[in-house]
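Tertiary structure, described
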Amino acid sequence: VVAMSNMMNAKADGLNLGQISTSAFTDQYLIAEAKYTHQAFKYDGMIASDPPCLVINAKKGPLAGTDFKKFIEYAKANPERVRYGVSGHWGNQDFNRYQVEKNFGCKFQRVSIKGGSKIVLSIMSGDLEVGMLYPAEIRGGVESGDLAVLAQGGTERSEVYPNVPTFSELGHDLLTVAWRMWVLP
């Protein structure tokens, strides 16, 4: 909030460049101190566009070895029992969770944990069943075989996980992407 507020109030003199993320679109609704909106900035370029991945524990627990269809069937049959890790209070991960619930007709148990890396560890240890995380956060767990990616956001399959379908391919127009952009005041 402090950095984005400072950028919003900075002089447009060519000496100030900031970086914002998807939260610039949601902070105004979630944080009383946020006096900015995404319209307060002039966009200068995209740094990254990360489609999050829906991941489960690949080796243990009730969902190990399942595919997306079986995952959704299990979640529907066990409302609010599938523990879904989110970071913070109604950020990107909560939005993603809500979109999966809304589009696929299931309801998860929301578990707030501080940070994506802790969500990854909690899924790997069996303390959580699922999370929706970015490729960089899950790569080690996927490569070790501890995590399985069931679906990914974005409009097309990522280069990192080309064998994993998008939500659109699974029959739902669900676009979940985190943007990181360069902005000017």
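Now for a description of the structure that goes with this document. These figures come from a predicted structure and were not determined experimentally.

**Brief notes about the packing of aromatic side chains**
- One pass over the structure, following the stated rule, counts seven aromatic pairs.
- On the numbers, 5.9 Å between centres and 75 degrees between planes, the contact of Phe-68 with Phe-167 is edge-to-face. Note that Phe-68 is positioned in helix H3 (residues 68-77) and Phe-167 in the loop between strand S7 (147-152) and strand S8 (178-184), a separation of 99 residues in sequence. Both residues of the pair, Phe-68 and Phe-167, belong to the buried class.
- Judged by centre distance (5.9 Å) and plane angle (20 degrees), the ring pair of Phe-71 and Phe-108 falls under stacked. Linking Phe-71 in helix H3 with Phe-108 in the loop between helix H4 (92-104) and strand S5 (109-112), this pair joins segments that are 37 residues apart in sequence.
- By relative accessible area, which is 2% here, Phe-108 ends up buried.
- Taken together, the ring pairs in this structure connect Phe-68, Phe-71, Tyr-84, Phe-104, Phe-108 and Phe-167 into an aromatic cluster.

**Considerations on the sheet that holds S5**
- The five strands lie next to each other as S5-S4-S6-S3-S7, forming an open sheet whose pairing is mixed. Each of the sheet's edge strands pairs with one partner strand only, and the pair in question is S5 and S7. Strand-to-strand, the axes of this sheet are offset by a mean angle of 30 degrees, without reference to chain direction.
- Pairing geometry for strand S4 (residues 83-86) and S5, over four bridges, is parallel.

**A look at the sheet that holds S8**
- Reading across from one edge, S1-S8-S2 is the order of the three strands in this open sheet, with antiparallel pairing throughout. Since the sheet does not close on itself, it has two edges, and those belong to strand S1 (18-21) and strand S2 (42-50), each with one partner. Each neighbouring strand pair of the sheet contributes to a mean axis angle of 25 degrees, computed without reference to strand direction.
- Where S2 lies against S8, seven bridges are found, and the strand directions are antiparallel. Paired with Met-46 across the two strands is Met-181, which belongs to S8.

**What to know about the pattern of salt bridges**
- With the rule as written, the count across this model stands at nine salt bridges.
- We note a salt bridge from Arg-83 to Glu-129, for which the minimum N-O separation is 2.3 Å. Note that Arg-83 is positioned in strand S4 and Glu-129 in the loop between helix H5 (116-125) and strand S6 (130-133), a separation of 46 residues in sequence.
- The exposure class assigned to Glu-129 is buried, which follows from its relative accessible area of 12%.
- With a closest N to O distance of 3.1 Å, Arg-97 and Glu-101 form a salt bridge. Of this pair, Arg-97 and Glu-101 both sit in helix H4, four residues apart, roughly one helical turn. By the burial criterion, Arg-97 is buried, and Glu-101 matches it.
- Among the charged side chains, a salt-bridge network with shared partners connects Asp-94, Arg-97, Glu-101, Lys-107 and Arg-110.

Reading the values: rules and limits
- Residues numbered from 1 in each chain as written.
- Predicted model: local features only at pLDDT ≥ 70, side-chain atom pairs only at ≥ 80, totals over all residues.
- Heavy atoms only, no water.
- Phe/Tyr/Trp six-rings, centres within 6.5 Å; stacked < 30°, edge-to-face > 60°.
- Helix = DSSP H or I, 4+ residues; strand = E, 2+ residues; numbered from the N terminus.
- Buried < 20%, exposed > 50% of the residue type's maximum accessible area, 1.4 Å probe, protein only.
- Pairing = 2+ DSSP bridges.
- Axes fitted to C-alpha atoms, helices over the stretch in contact; angles between N-to-C directions.
- Salt bridge = Lys/Arg side-chain N within 4 Å of Asp/Glu carboxyl O.

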